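Coordinate analysis (summary)
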Amino acid sequence: LNETVNPKSTDKKPPDVLVGEVLRAILSDAPYPASLFAQVEVRLRAEQNVTFGKAAIIKAYLIKNVVRDSETHPMKEVLTVKLNEEASYAPYVLGRLFAVLEKIQIDAIDPGTTICDRYFNSACSRPATVFPTLMNSAQNHLSKLKKEDIARGLYYEQMIQKLYGKITETTPRHLSLEEQGAFQIGYYHQKQALYTKKEDRNDG
């Protein structure tokens, strides 16, 4: 619940109404209140930082409110504990791709302001509008990386190609709030994987 609070606010307590609604949902095994998800999305738009706590709330909400009673919902494959490299659900894959593009930018030029700071919200909600710009920038960053470390540059290039290969339809023009949640989970999963030490990656 603290993840829904503005850290700059003088009153850092979550609203009593929201606390009560979440507690009732837990005790009665009912869907989580929509306001919980909405408040997390508000904080993400303000902070552009998918923390562990926010990712956990998004995942819990989507599991309990969206896919719980469905055996075939396409979002089910992405609500896993760790990165699902086989998932082809477009919002999740786009979130993964955004994390990779951000890492390429950081490795190439170590900017003070990353693409996450500038484009996270728009990439989340209007990917078809934003990703062409991001891809053009990534090509420049990849060229620089290849000159410095050809193996690393090729590794990222192949990763981009593999992720784009999973998107079988046209890049969505708009993502619903729930699809944005899947994007954010994909971004969080991929970012965690990218920053995991290489020797720790072979745990299945």
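In this text the structure is predicted, and so the values were computed from the model without any measurement.

Some details on a nonpolar patch on the surface
Residues Leu23, Ile26 and Leu27 make up a contiguous nonpolar surface patch of about 330 Å² in total accessible area. Counting through the fold element by element, Leu27 comes out in helix 1 (residues 16–27).

Re empty space enclosed by the protein
With the rule as written, the count across this model stands at one cavity of 30 Å³ or more. Looking at the largest cavity, its volume works out to about 40 Å³. The wall of the largest cavity is formed by Leu101, Gln105, Ile115, Leu134, Ser137, Ala138 and His141. Of all the secondary structure elements, the ones that give two or more residues to the lining of the largest cavity are helix 4 (90–109) and helix 6 (127–148). Along the lines of polarity and charge, the residues of the lining of the largest cavity split into four nonpolar, three polar and no charged.

Quick word on the packing of helix 4 against helix 8 (residues 177–194)
Angle between the axes and distance between the axes are the two parameters that describe a pair of packed helices. With their axes 6 Å apart at the nearest point, helix 4 and helix 8 run at an angle of 40 degrees to one another. As judged from the angle between their axes, helix 4 and helix 8 are oblique. Helix 8 is crossed by helix 4, and the crossing has right-handed handedness. Across the interface between the two elements, Pro91, Tyr92, Leu94, Gly95, Arg96, Phe98, Ala99, Val100, Glu102 and Lys103 of helix 4 pack against Glu179, Ala182, Phe183, Ile185, Gly186, Tyr187, His189, Gln190, Lys191 and Leu194 of helix 8. Its residues assigned to classes, the contact of helix 4 with helix 8 shows eleven nonpolar, four polar and five charged.

Observations regarding the packing of helix 1 against helix 2 (residues 34–47)
Running from N to C, helix 1 and helix 2 cross one another at 125 degrees; their axes reach a closest spacing of 9 Å. By the criterion of interaxial angle, the relationship of helix 1 to helix 2 is oblique. Taken together, the residues of helix 2 that come into contact with helix 1 (itself represented by Leu18, Glu21 and Val22) are Ser35, Leu36 and Gln39. Taken together, the residues of the contact of helix 1 with helix 2 break down into three nonpolar, two polar and one charged.

With respect to the packing of aromatic side chains
For the structure on display, the rule yields eight aromatic pairs. With 6.4 Å between their ring centres and 75 degrees between their planes, Phe98 and Phe131 make a pair best called edge-to-face. In this pair, Phe98 sits in helix 4 while Phe131 sits in helix 6, placing the two residues 33 residues apart along the sequence. Phe98 sits in the buried class, given a relative accessible area of 0%. If you follow Lys64 out to its NZ or CZ, it ends over the ring of Tyr32, 4.7 Å from the centre. Positioned above the aromatic ring of Tyr195, the side-chain terminus of Lys103 is 5.2 Å from the ring centre.

Structural notes on helix 5 (residues 115–125)
Among the residues of helix 5, those classed as buried are Ile115, Cys116, Phe120, Ser122, Ala123, Cys124 and Ser125. Buried residues along helix 5 sit against helix 4, helix 6 and helix 8.

What counts, and at which threshold
- Residues numbered from 1 in each chain as written.
- Predicted model: local features only at pLDDT ≥ 70, side-chain atom pairs only at ≥ 80, totals over all residues.
- Heavy atoms only, no water.
- Patch = residues over 30% accessible without salt bridge, like charges linked within 9 Å, V, L, I, M, F, W, Y side chains within 5 Å.
- Areas by Shrake-Rupley, 256 points an atom, 1.4 Å probe, with all protein chains shown as cover.
- Salt bridge = Lys/Arg side-chain N within 4 Å of Asp/Glu carboxyl O.
- Helix = DSSP H or I, 4+ residues; strand = E, 2+ residues; numbered from the N terminus.
- 1 Å grid on protein atoms, 1.4 Å probe; cavity = no way out; pocket = protein on both sides within 12 Å on 5 of 7 lines; lining within 4 Å.
- Points joined across faces, edges and corners; volume = space filled by probe spheres on them.
- Nonpolar A, V, L, I, M, F, W, Y, C, P; charged D, E, K, R; others polar.
- Axes fitted to C-alpha atoms, helices over the stretch in contact; angles between N-to-C directions.
- Parallel < 35°, antiparallel > 145°, perpendicular 65-115°, else oblique.
- Left-handed = near helix turned anticlockwise from the far one by under 90°.
- Contact = heavy atoms within 4.5 Å.
- Phe/Tyr/Trp six-rings, centres within 6.5 Å; stacked < 30°, edge-to-face > 60°.
- Buried < 20%, exposed > 50% of the residue type's maximum accessible area, 1.4 Å probe, protein only.
- Lys NZ or Arg CZ within 6 Å of the ring centre and 35° of its normal.

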